Amino acid sequence: MTDLSTGAAWMGGAILPIADAAIPVTDWGLTHSDIAYDVVPVWQGAFFRLDDYVARFIASLTVGRYDIGMDHAAICAALTDMVRASGLQDAYVAMVAARGRNPAAGSRDPRDCANHFYAWCVPYVHIVKPEVAAQGTSVWIAKTVRRIPADSVNPRVKNYHWGDFTSGLFEAKENGYETTLLLDHDGHVTEGPGFNVFAVFGDRVVTSDHGVLHGITRRTVLEICAEAGLTPETRPLPLDEFLNADEVFLSSSGGGVIPVARVDDRYFSNGTAGPVATDLRARYFDWIMRDDLRTPVTKALAGR
Ligand code: PLP
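Residues numbered from 1 in each chain as written. Predicted model: local features only at pLDDT ≥ 70, side-chain atom pairs only at ≥ 80, totals over all residues. Heavy atoms only, no water.

The subject of this paragraph is the domain arrangement of the protein. Here the protein is partitioned into domain 1 (8-125) and domain 2 (130-287). Taken together, the contact pairs 20 residues of domain 1 with 23 residues of domain 2. Taken together, the two surfaces of domain 1 and domain 2 that pack against each other cover about 1800 Å², and 55% of this comes from carbon and sulfur. Together, Tyr37, Arg49 and Arg56 form the three largest contributors to the area buried by domain 1 at its contact with domain 2, with a combined 34%. Put simply, domain 1 and domain 2 have two salt bridges between them. (Domains from an automatic or database assignment. Contact = heavy atoms within 4.5 Å. Buried area = accessible area lost by both parts, 1.4 Å probe. Salt bridge = Lys/Arg side-chain N within 4 Å of Asp/Glu carboxyl O.)

So this is what it looks like as structure tokens:
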């Protein structure tokens, strides 16, 4: 049997090793970054909030005008077959819609492209190593680049337009920081490569509402606030206000709630993970084990 433990892909109904999965060089997904995608985590043998991730993906397909010929149930079935075949218990599971190839070489008409769906999974990805996250990570505010404006590329459609993030990551790494956070053209904090961002002021927890992907982890954190005795606020967050917060943290399907100890030369909680972020991090890892939010990989198959 093929070893799929390093990852598997689902392409056209076939399941193959991740290393063998490829798309054609003339696919608009490659030539124009013309892709809508989503990523759902699998944790200890079950998808977390599977229906919410797939619903967000389908909303992205509608806005981005991708027709992949698969509905919610068919997408869930493909993901389930693939993850089950991989044997992975903790996984990063990507579902992808690509614009595809245009049969008329050189055509600029997107309506003629053959849109297609594929999926892939690899062992669970922590965007910040857990041991670093537990101590509080470091964030560099990008200086040479701003987030692509929301009226140019819609950030609520999860996409492959990462040129701004990649520039920010070069800056961050060259200055000795773990990751980067981008501002919009009005000086508000937006998001970073793979995460939303929050600021804590006493018992208020603030995150940006527009110019960002509405992360499922962001939504989970906003819901957790009620049980944690915190008041969530979603609104524009100017950089000055952000830097004056008591605490700052990131949210991502790749690691949950990630405390931040340092933003540029501003240290939070004496350069450690703050108590509110640390508590929310623990609560997130409780929530991803909640039966009502989990779809076991085996059960999802048995139900078909
Ligand atoms: N913002 C961007 C740009 C992302 O790519 C991601 C996730 O990859 C997020 C935010 C966080 O979203 P989620 O919590 O759904 O993983």
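Once you've had a look at it, read on.
Residues in close proximity to the ligand total 16 residues, the closest being Lys158, Glu191, Ile216, Thr217 and Ser253. Lysine 158 is positioned with one of its side-chain polar atoms (N or O) 2.4 Å from an oxygen atom of the ligand. Side-chain polar atom of glutamate 191 to a nitrogen atom of the ligand: 2.7 Å apart, as the coordinates give it. In the complex, 92% of the free accessible area of the ligand, which totals 380 Å², lies under the protein chains. Of the pockets mapped on this structure, the ligand occupies the largest pocket. (Near = heavy atom within 4 Å. Polar contact = N/O pair within 3.5 Å; in protein donor to acceptor, adjacent residues only side chain to side chain. Areas by Shrake-Rupley, 256 points an atom, 1.4 Å probe, with all protein chains shown as cover. 1 Å grid on protein atoms, 1.4 Å probe; cavity = no way out; pocket = protein on both sides within 12 Å on 5 of 7 lines; lining within 4 Å. Sits in = over half its atoms within 2 Å of the grid points.)

Quick look at empty space enclosed by the protein now. It is a probe the size of a water molecule, rolled over the atoms, that shows where empty space is left. Counted under the stated rule, the structure contains one cavity of 30 Å³ or more. When its volume is computed, the largest cavity comes out at roughly 30 Å³. Along its surface, the largest cavity is lined by Arg147, Ile148, Val153, Asn154, Pro155, Asn159 and His161. Of the residues in the lining of the largest cavity, the class split is three nonpolar, three polar and one charged. (Points joined across faces, edges and corners; volume = space filled by probe spheres on them. Nonpolar A, V, L, I, M, F, W, Y, C, P; charged D, E, K, R; others polar.)

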